[in-house]
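# Descriptive analysis of the structure
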Amino acid sequence: MNWDDTTDETTTAEAAERLVGASADGEDQAVEAALRPKDLGEFIGQEKVREQLDLVLRAARARGATADHVLLSGAPGLGKTTLSMIIAAEMGAPIRITSGPAIQHAGDLAAILSSLQEGEVLFLDEIHRMSRPAEEMLYMAMEDFRVDVIVGKGPGATAIPLELPPFTLVGATTRAGLLPPPLRDRFGFTAHMEFYEPAELERVIDRSARLLDVEIDGEGAAEIAGRSRGTPRIANRLLRRVRDYAQVRTDGRISREVASAALAVYEVDARGLDRLDRGVLEALLKLFGGGPVGLSTLAVAVGEERETVEEVAEPFLVREGLLARTPRGRVATPAAWAHLGLTAPRTAPGGAPQQGLFGS
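In short, a report on the structure. (Residues numbered from 1 in each chain as written. Predicted model: local features only at pLDDT ≥ 70, side-chain atom pairs only at ≥ 80, totals over all residues. Heavy atoms only, no water.)

## Side note on the sheet that holds strand β7 (residues 189–192)
- In spatial order, the strands read β2-β3-β6-β1-β7; together these five strands make up an open sheet with parallel pairing. Each having just a single partner strand, β2 (95–99) and β7 make up the two edges of the open sheet. With direction set aside, neighbouring strand axes in the sheet form an average angle of 15°.
- Bridging between strand β1 (residues 70–73) and strand β6 (residues 168–173) involves four bridges; their strand directions are parallel. Following the sheet pairing, Ser-73 is matched in β6 by Thr-173.
- Sheet strands in contact with helix α3 (residues 47–63) are β1 and β7, and its direction is about 165° off that of β7. (Pairing = 2+ DSSP bridges. Helix = DSSP H or I, 4+ residues; strand = E, 2+ residues; numbered from the N terminus. Axes fitted to C-alpha atoms, helices over the stretch in contact; angles between N-to-C directions. Contact = heavy atoms within 4.5 Å.)

Here is the structure:
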């Protein structure tokens, strides 16, 4: 197990409980299966990735060969699993889905690889969390389509070479920096998934609304898109919650007013911040005057674990320009004061009085 496995599991569980969390639970996975696009033509957003991947797949089909191994990196909820399924569909091949944490021994990987069919797509999610012995076995499998199975122990152990049919590995990771260079270099195509623009999310929401048989106007879709943190998974989740509100409290049609009222009930504000995000900002501003303050102290003030604040709340706050990480601690930006409707004190970070050019 990697040193960060416990942290990953803890923060994933925390994120799954949040309406604006990018991790998917059982309900999300079931709904996503129905909403997923089936080919590259239906896939919305990630224009460069789609264009490059389309060339890779078209060329492979023209040669009658399996596609190169593909590495997809980026934050959760941006479509890595969906693209892996599209790759299999475009190549007319079956897909096998597993994850790095599920492969803790080389034997686990050998069992999967030995059962693959020719041309099959193997999707390995969170590939950076795979065990080191399995990782080293994967090097040879990707490059030579062969693995050495060790039989026996000690001096009498022997390696039996096992030939594999050509296959395409699609690896997905949220932490590309944790992948060792030898593994990263064996992927023929590497793509980084970017966060979506609001206009792209509006198209995602419109498409999902049609599939869910929900009536929504352009302003309603724009309201949901603006609070979705640039993530299609969150957009679809918010759409479902707004749909519930509209069905129970209005005529079922989603307008800007209905979307705004619904998301107010679920405590998702105009910038996509939820209770945890605002709790971190309020503690930083009201208790510590905007900082700097240490992460552990901030976590205690919020009543959350240190890892939850650092891995679940902070990334979005930093990306939105509401919080900065400095060597001295966490510091609120002017945008954070403005967002919460508070006035910044006339003191520099840390409580020292601000001075003019000549010390006045």
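Here the narrative resumes, following the displayed structure.
## Describing the packing of helix α8 (residues 198–211) against helix α9 (residues 218–226)
- Relative to each other, α8 and α9 sit at 120°, their axes nearing to 8 Å. Considering the angle they form, α8 stands oblique to α9. Between α8 and α9 the crossing geometry is right-handed. Contacts between α8 and α9 involve Pro-198, Leu-201, Glu-202, Ile-205 and Asp-206 on the former and, on the latter, Gly-218, Ala-221, Ala-222, Ile-224 and Ala-225.
- When the residues that make up the contact of α8 with α9 are grouped by side-chain class, the tally is seven nonpolar, one polar and two charged. (Parallel < 35°, antiparallel > 145°, perpendicular 65-115°, else oblique. Left-handed = near helix turned anticlockwise from the far one by under 90°. Nonpolar A, V, L, I, M, F, W, Y, C, P; charged D, E, K, R; others polar.)

## A closer look at the packing of aromatic side chains
- Under the counting rule described, the total for this entry stands at one aromatic pair.
- Ring geometry for Phe-145 and Phe-167: centres 5.5 Å apart, planes at 80°, overall edge-to-face. Of this pair, Phe-145 sits in the loop between α6 (132–144) and β4 (146–151) while Phe-167 sits in the loop between β5 (158–163) and β6, and the two are 22 residues apart along the sequence.
- Using a relative accessible area of 1% as the deciding quantity, one classes Phe-167 as buried.
- Directly above the aromatic system of Phe-316 lies the positively charged group of Arg-229, at a separation of 3.9 Å from the ring centroid. (Phe/Tyr/Trp six-rings, centres within 6.5 Å; stacked < 30°, edge-to-face > 60°. Buried < 20%, exposed > 50% of the residue type's maximum accessible area, 1.4 Å probe, protein only. Lys NZ or Arg CZ within 6 Å of the ring centre and 35° of its normal.)

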